[in-house]
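Results of the structural survey
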Amino acid sequence: MNADALANLINWINRAVIFGTVIMYGSLGELLTEKSGNMNLGTPGTMCIGGAFGFAGAYLYEINAENPSAYLVILIGLLCAFGSAALAGLLFSFITTTLRANQNVTGLALTTFGLGLAKFIGMIIIPEGTTTVKAKFANEVFSRTLLHGQAGSTFSKIFFNYGFMMYLAIITAIVLHLFLTRSRKGLNLRAVGENPATADAMGINVSRYKYLATVIGSGIAGLGGVYYILDYNYGGWSTQAALSIQALGWLALALVIFAIWKPLNTIWGSYVFGVFYWLFNFISVFGLKVTSAQSSLVEAVPYVVTIFVLILVSVRRSRENQGPAALGLSYFREER
């Protein structure tokens, strides 16, 4: 492989990993939510909200501070993203857990609301007469690689050529795995998702676990939105940014099923999604040339793979490959 082909291959891997990290955050947040029995189809909207408020917080701090601090821009961006998305999760929890409304309808409404709210925030920030605004300093901080001294080796370009949030996503997946499998609270949460009536009879506060899982899960999903803007999208917010985040939110929902509700599977699963998503842009790495008609088919590959995996998981009906038994069902204590 010549130097140009190797450089293209590394660039493909880099973009695939960064893209995959965006949907990894969304899928981890939704996975935690679904473990409580709540199915939040509002995750795409939640990611839009996190991206809009996270970007707004970092950008407004950046342009108003004489000497902006890297630590503060990170802290403000993450807190605004997590906090705003968590509030969206709180709204979903109140409607579905307290008011016992239909979860699917509530989630779809939240997605529409989140998209509209993100667009509204963008209209306030973007100067009149333009379509894009960029947080240059925030982008520099969020995309800054960790090991500058090893930037020349192929190994470091593949594994260390990313901002801190990529590694934070992997750590989050590992911590979530340990929480769900090795801690009492994690086991209680899984019990709530499998059989809330039995969990309630055991003295577990079902509503509390549903609220906490959904609020924290939504906050994690919101981090995917701000990561998309401040790293993957080079710090730029445009009039179409919210629509792009929403599209990735739907992939994040599919990734939960792709990973068969196991946090560690979201790590490699998200990167597989990323590789297929960027296949169209880097198909020349294999020395192939495609016509404009064929390119449309190549662009559809990640979605075809998603459909195939969903069918495969549905056909394999082993209990360990299925979601929580009470997923999407409201719990009525009076019927216990």
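Heads up: the structure comes first, above all this text.
Quick notes on the rules
Residue numbers run consecutively from 1 along every chain, following the written order of its sequence. Where totals are concerned, whole chains, interfaces and linings use all residues; where local detail is concerned, this predicted model gives features only for residues with pLDDT of at least 70, and gives and counts side-chain atom pairs only at 80 or more. No hydrogens and no water enter the side-chain calculation; it runs on all heavy atoms of the structure. Labels follow the DSSP assignment, with helices taken as runs of H or I lasting at least four residues and strands as runs of E lasting at least two, numbered in each case from the N terminus. C-alpha atoms define the radius of gyration in this analysis, and the globule rule sets the expected value at 2.2 Å times the number of residues to the power 0.38. To sort residues, take the accessible area from a 1.4 Å probe on protein chains only and compare it with the maximum for the residue type: under 20% means buried, over 50% means exposed, and anything in between is partly exposed. The contact definition used throughout considers only heavy atoms, calling two residues in contact when any of these lie within 4.5 Å. In summary, the pairing rule links any two rings of Phe, Tyr or Trp, Trp by its six-membered ring, whose centres are within 6.5 Å, and it sorts them by plane angle into stacked for under 30 degrees, edge-to-face for over 60 and tilted for everything else. Residues belong to one nonpolar core when they are buried, are Ala, Val, Leu, Ile, Met, Phe, Trp, Tyr or Cys, and are joined through side-chain atoms within 4.5 Å. Within this document, salt bridges are pairs made up of a side-chain nitrogen of Lys or Arg and a carboxyl oxygen of Asp or Glu, the two lying within 4 Å of each other. Cysteine sulfur atoms are paired as a disulfide whenever they come within 2.5 Å of each other. For a helix, the expected span equals 1.5 Å multiplied by the number of residues minus one. We define a polar contact as two N or O atoms separated by no more than 3.5 Å, with the added condition that, inside protein, one atom must be a possible hydrogen donor and the other a possible acceptor, whereas residues neighbouring each other in sequence contribute only through side-chain atom pairs. A patch consists of residues whose relative accessible area exceeds 30% and which take part in no salt bridge; residues with like charges are grouped when within 9 Å of each other, and nonpolar side chains (Val, Leu, Ile, Met, Phe, Trp, Tyr) when within 5 Å. Working definition of accessibility: Shrake-Rupley area with a 1.4 Å probe, residue cover restricted to the visible protein chains. To define axes, lines are fitted to C-alpha atoms, for helices over the stretch in contact only, and angles between the resulting N-to-C directions are given on a 0 to 180 degree scale. Each angle gets one of four labels, with under 35 degrees taken as roughly parallel, over 145 as roughly antiparallel, 65 to 115 as roughly perpendicular, and the rest as oblique. Crossings are assigned a handedness: left-handed for a near helix turned anticlockwise from the far helix by less than a right angle, right-handed for a clockwise turn. Each residue gets one of three labels, nonpolar for Ala, Val, Leu, Ile, Met, Phe, Trp, Tyr, Cys and Pro, charged for Asp, Glu, Lys and Arg, and polar for the others, Gly among them.

Bringing the overall build of the chain into the picture now. Along its length, the chain carries 14 helices and 2 strands. The C-alpha radius of gyration computed for the chain amounts to 20 Å, which stays within 12% of the reference 20 Å derived for 336 residues, consistent with globular compactness. Projected onto its principal axes, the C-alpha positions of the chain cover 65 × 50 × 40 Å. Per-residue burial over the chain gives 51% buried out of 336 residues. Of all intrachain contacts in the chain linking residues separated by at least 6 positions in sequence, the fraction that spans at least 24 positions is 78%.

This model, assessed by the stated rule, comprises 12 aromatic pairs. A ring pair is formed by Tyr25 and Tyr227, whose centres lie 6.2 Å apart and whose planes are at 50 degrees; its orientation type is tilted. A residue pair is termed long-range when its members are at least 10 positions apart, and Tyr25 in helix α1 (residues 3-35) and Tyr227 in helix α10 (residues 206-232) qualify at 202 residues. Like Tyr25, the residue Tyr227 is buried in the burial classification. Chaining the aromatic ring pairs together yields one cluster made of Phe19, Tyr228, Tyr232, Tyr277 and Trp278.

With that settled, consider the side chain of Ser218. Looking at the secondary structure, you find Ser218 in helix α10. Ser218 gets classed as buried once you look at its relative accessible area, which sits at 3%. In contact with Ser218, not counting residues within four places along its chain, are Thr33, Asn40, Thr46, Ala85, Ala86 and Gly89.

One finds Ile23, Phe55, Met165, Ile229, Leu230 and Trp237 to be the most contacted residues of the largest nonpolar core, which totals 81 residues. The biggest single contributor to this core is α10, with 12 residues. When near neighbours in sequence (up to four residues on either side) are disregarded, Ile229 contacts Gly51, Phe55, Tyr234, Gly235, Gly236, Trp237, Ala241 and Ile245.

Turning to the pattern of salt bridges, a few remarks are in order. Between side chains of opposite charge, pairing is possible as soon as their charged atoms come close. Considering all chains together, one arrives at 1 salt bridge under this definition. Among the ionic pairs, Glu140 bridges to Arg144, the shortest N-O distance being 3.3 Å. Overall, Arg144 belongs to the partly exposed group, its relative accessible area being 36%.

Here a disulfide denotes a covalent bond joining the sulfur atom of one cysteine to the sulfur atom of another. Under the counting rule described, the total for this entry stands at 0 disulfides. Looking at Cys48, it has no disulfide partner, and the nearest cysteine sulfur is the one in Cys80, 17 Å off. Residue class for Cys48 comes out buried when judged on its relative accessible area of 0%.

With that settled, the discussion passes to the environment of Phe282. Looking at the element boundaries, Phe282 is found in the loop between α12 (263-277) and α13 (292-299). Taking the C-alpha atoms as reference points, Phe282 and Leu9, 273 residues apart in sequence, are found 7.5 Å from one another. The contact partners of Phe282, leaving out residues within four places of it in the chain, are Asn8, Asn11, Trp12 and Arg15.

Another aspect to go through is the environment of Leu146. Here Leu146 shows up in the loop between α5 (136-142) and α6 (154-159). Distance in space between the C-alpha atoms of Leu146 and Ile18 is 14 Å, their sequence separation being 128 residues. In this view, Leu146 contacts Phe160, Tyr162, Phe164 and Tyr167; residues no more than four positions away in its chain are not counted.

Here the focus is unusual backbone geometry. Unlike most non-glycine residues, Arg100 shows phi in positive territory, near 60 degrees. With respect to the helices, strands and loops of the structure, Arg100 is situated in the loop between α3 (70-98) and α4 (103-125). Residue class for Arg100 comes out partly exposed when judged on its relative accessible area of 31%. At Ile260, a position not held by glycine, the phi torsion is positive, near 45 degrees. When you line up the elements, Ile260 lands in the loop between α11 (241-258) and α12.

Let us now look at α3. In this model α3 runs 40 Å from its N-terminal to its C-terminal C-alpha over 29 residues, within 8% of the 42 Å that 1.5 Å per residue would give. Looking at where α3 begins, the residue whose side-chain oxygen comes 3.3 Å from the main-chain nitrogen of Tyr71 is Ser69. Phi turns positive, to about 60 degrees, at Arg100, one or two residues after α3.

Together, Leu72, Leu75 and Leu79 make up a nonpolar patch on the protein surface, roughly 280 Å² of accessible area in all. With respect to the helices, strands and loops of the structure, Leu72 is situated in helix α3.

Moving on, we come to the packing of helix α2 (residues 43-64) against α10. The interhelical angle for the contact between α2 and α10, taken along N-to-C directions, is 55 degrees, at an axis separation of 7 Å. Of the possible angle classes, the one that applies to α2 and α10 is oblique. Considering only the axes of α2 and α10, their crossing is right-handed. Across the interface between the two elements, Thr43, Thr46, Met47, Gly50, Gly51, Gly54, Phe55 and Ala58 from α2 touch Ser218, Ala221, Gly222, Gly224, Gly225, Val226, Ile229 and Leu230 from α10. Here the contact of α2 with α10 is built from residues that sort into 7 nonpolar, 9 polar and no charged.

Topologically, Thr106 is positioned in helix α4. With relative accessibility at 10%, the residue Thr106 sits in the buried group. Polar contacts involving the side chain of Thr106 include one to the main-chain carbonyl oxygen of Asn102, which spans 2.7 Å. The contacts of Thr106, once residues within four sequence positions are left out, are Phe92, Ile95, Thr96 and Ala101.

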